[in-house]
Amino acid sequence: MKNIIASTIAAHLLFPASLAIAEEHVHDHGDNPIVTKVMFDQLELHNTDGANPLILEAQAWIGKDLNKFWLKADVEKRDGDIEEAEVQALYSRAIATYWDLQMGLRQDLKPTPSRTWGVLGLRGLAPYFFDVDTALFVGDSGKTALRLAAEYELLFTQNLILSPELEANLYGQNDWGNGTGSGLSDITASVRLRYEIDRQFAPYIGLARIKRFGETAEMTLSKGEKVSETTFVLGLRVWF
């Protein structure tokens, strides 16, 4: 049943994308080449009281100025086991200067049971140079979720950059299987100081704090885990 739902969502969301790409290809005269980018935005180790998790946030895209195909991946590994794994496949369309509308599918592979979501997102550069990435997720049985993220870069020098980031997750209903409650679920605030050896290779250190709220906090406590936690971060940012 989940495969049927996923296929239906994909057909409705990605078919218009393929038409747009085909139309652009017809009108392309060689001065709008296909470009690609792969970025490991966060490849980092967190220092916690228990097992130290390894976090990966990566994204890749291919396309032209107006139309692109995106892949996003978020993975958390702890004690040698993958505890959280999320993959998104998105069509991205430029709708204004510095702003893209994105749509597609999200698959939560871990924790189990897995979840499949349709995605509608907005990504771009807000006033005062805040990078904003928002997404509405719609799953089966009426499940909904909203993710809001913003990041800012403060340049001390051309190589030394401080990057504060804020992310909030909200859910439309309780999901005991995945430990998320309705309403505001969690907020993560972090700051990373990186040194760009060159623009494509930058080690960094930082701090991250997560705070869970409402039903999510109660579910977390019932499993004997902490509602809030602050961790030291050591990582690497690479793109090509």
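Per chain, the residues get numbers from 1 upward, laid out in the order the sequence is written. For a predicted model such as this one, the threshold for reporting local features is a pLDDT of at least 70, and the threshold for listing and counting side-chain atom pairs is 80 or more; totals across whole chains, interfaces and linings nevertheless cover every residue. Calculation of side-chain values draws on the structure's entire complement of heavy atoms; hydrogens and water are dropped beforehand.

1. Structural notes on the nonpolar core
The nonpolar side chains of a soluble globular protein tend to be buried with one another. Listed in full, the 9 residues of the largest apolar core are Trp61, Trp70, Leu90, Trp117, Val119, Ala135, Phe137, Ala145 and Tyr171. Here a helix means four or more residues in a row that DSSP labels H or I, a strand means two or more in a row labelled E, and each is numbered from the N terminus. Broken down by secondary-structure element, the contributors of at least two residues to this core are strand S6 (115-126) and strand S7 (130-139). In what follows, residue pairs with any heavy atoms lying within 4.5 Å of each other are defined as contacts. The contacts of Trp117, once residues within four sequence positions are left out, are Gly104, Leu105, Arg106, Asp108, Phe137, Val138, Gly139, Lys143, Thr144 and Ala145. For our purposes a nonpolar core is just a set of buried Ala, Val, Leu, Ile, Met, Phe, Trp, Tyr and Cys residues, chained together by side-chain atoms within 4.5 Å. The classification of residues rests on relative accessible area computed with a 1.4 Å probe and restricted to protein chains. Under 20% of the type maximum is buried, over 50% is exposed, and intermediate values are partly exposed.

2. Section: the packing of aromatic side chains
Working definition: rings of Phe, Tyr and Trp (its six-membered ring) pair if their centres are within 6.5 Å, and the pair is stacked with planes under 30 degrees apart, edge-to-face with planes over 60 apart, and tilted otherwise. All told, the structure shown has 3 aromatic pairs when counted by the stated rule. With a centroid separation of 6.3 Å and 35° between ring planes, the pair formed by Trp61 and Trp70 is classed as tilted. Between Phe130 and Tyr152, the aromatic rings sit 5.0 Å apart at their centres with planes inclined by 40°, giving tilted as the arrangement. Placement of the pair is Phe130 in strand S7 and Tyr152 in the loop between strand S8 (144-151) and strand S9 (154-155), with a sequence separation of 22 residues. Given a relative accessible area of 37%, Phe130 falls into the partly exposed group. In this structure Tyr152 comes out as partly exposed when scored by relative accessible area, which is 28%.

3. Structural notes on the pairing of strand S13 (residues 228-239)
Taken residue by residue, a regular strand's side chains alternate between the two faces of the sheet. Strand pairing is defined by DSSP finding a minimum of two bridges between the two strands. Bridge count between strand S1 (residues 35-47) and S13: 7 bridges; the pairing is antiparallel. In the strand pairing of S13, Glu44 is matched with Gly235. Bridge count for strand S12 (residues 201-212) against S13 is 11 bridges, and the pairing is antiparallel. Along S13, the bridge assignment pairs Ile210 with Glu229.

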